[in-house]
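# Structural characterization, general
This is what each chain is made of:
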Amino acid sequence: MSTTYYFTIENETGRIDKVLTELMPEVSRSQIQLWIKEENVTVNDKVVKPNYKVQSQDEIEVVEPDPVPLDAVAEDLPLEIVYEDRDVAVVNKPQGMVVHPSFGHTSGTLVNALLHHMDDLSGINGTIRPGIVHRIDKDTSGLLMIAKNDFAHEKLAEQLANKTSRREYVALVHGVIPHKRGTIDGPIGRDKTDRKKFAVTEGGKPSVTHFTVLERFKDYTLVSLELETGRTHQIRVHMNYIGHPVAGDPMYGPRKTLKGNGQFLHAKLLGFTHPRTGEELVFEAPIPEVFQKQLDELRGVSNT
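Rules behind the numbers
Residues numbered from 1 in each chain as written. Predicted model: local features only at pLDDT ≥ 70, side-chain atom pairs only at ≥ 80, totals over all residues. Heavy atoms only, no water. Salt bridge = Lys/Arg side-chain N within 4 Å of Asp/Glu carboxyl O. Buried < 20%, exposed > 50% of the residue type's maximum accessible area, 1.4 Å probe, protein only. Pairing = 2+ DSSP bridges. Helix = DSSP H or I, 4+ residues; strand = E, 2+ residues; numbered from the N terminus. Axes fitted to C-alpha atoms, helices over the stretch in contact; angles between N-to-C directions. Parallel < 35°, antiparallel > 145°, perpendicular 65-115°, else oblique. Left-handed = near helix turned anticlockwise from the far one by under 90°. Contact = heavy atoms within 4.5 Å. Nonpolar A, V, L, I, M, F, W, Y, C, P; charged D, E, K, R; others polar.

## Looking at the pattern of salt bridges
- Enumeration according to the criterion identifies eleven salt bridges in this entry.
- Here E168 and R166 are joined by a salt bridge, their closest N and O atoms 2.6 Å apart.
- R166 gets classed as partly exposed once you look at its relative accessible area, which sits at 35%.

## Describing the pairing of strand β7 (residues 80-84)
- One ladder, built from four bridges, connects β7 with strand β8 (residues 88-93); its direction is antiparallel. Counterpart to I81 in the pairing with β8 is V91.
- As consecutive antiparallel partners, β7 and β8 are separated by three residues.

## Examining the packing of helix α1 (residues 16-23) against helix α2 (residues 29-37)
- One way to put it is that α1 packs onto α2 with a least axis distance of 9 Å and a crossing angle of 125°. One element, α1, and the other, α2, form an angle in the oblique class. Between α1 and α2 lies a crossing whose hand is right-handed. Together, I16, D17, K18, L20 and T21 of α1 and R29, I32, Q33 and I36 of α2 make up the contact between the two elements.
- Split into classes, the residues belonging to the contact of α1 with α2 amount to four nonpolar, two polar and three charged.

## As for the sheet that holds strand β3 (residues 41-43)
- Here we have four strands laid out as an open sheet, ordered β1-β6-β3-β4, and antiparallel in their pairing. Each edge of the sheet is formed by a strand with only one pairing partner; in this case those strands are β1 (3-8) and β4 (46-47).
- In terms of strand pairing, β3 meets β4 through two bridges, oriented antiparallel. From the neighbouring strand, T42 faces β4, where its bridge partner is V47.

## So, the environment of A161
- Along the chain, A161 turns up in helix α4 (residues 150-162).
- Note on A161: relative accessible area 61%, which makes it exposed.
- Each C-alpha atom of the pair A161 and I60 lies 30 Å from the other, and the pair is 101 residues apart in sequence.

Following this line, the structure appears as structure tokens:
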């Protein structure tokens, strides 16, 4: 059964989500915000928004709903766990694996594998995305941080928001980039002509990608990329925007491209501060075999 909490405000001030976090220290602020969004919090018998300013003598009622069983089911899928402790894990997602269940992808996802391999996962992102702090595309391989409890999830999410975590990628792109380094600063939003795609567009969300040329070939360039922001398809959109789409990209690249298992894009490095110990952690994952094989072939005709 659900549990109901009652509070009468005396000296507390500020946003209701902040005040309730102080009154209910065992509950995360993100969880409280979710309860408010789901209208499980009322003030003076009225539903409020998370930014409601608490006033003296307010009567607050909080209904903690029954735990909802996970919608995703555990599946015994191969999973490369690079690091794991009681708070966090780092996994190396293979190319072709969807991160979490969605319409059309109800099984075989990273979440299905996590539920089999790990006993505890954070619940902040709901029943369909337990433990998922950030994502990479289905056909992008590489490192992802996983939160095993809500405390760790909030701390890791803060690092992403404050741009203090490190996320470095390596990509093979079309064309020869003449300069050594560059920064792409272009807002990303829905493509106005194709709602399945994203594009650099006026009114989009601020998006910044830094790149460094690692190696040049006859018709391609190998680059390292570092994200300041984490928009959907960010690297793929930004590289296409400057005329150097990621090789093998079925959505943003040209029809005539290199054949692989999707785009040649790999999340090679992940760094963050451990949410509990404060230790600086850095992990690296080698590029997948199909990517390495393509590089070896190109190096036979490299012009540098």
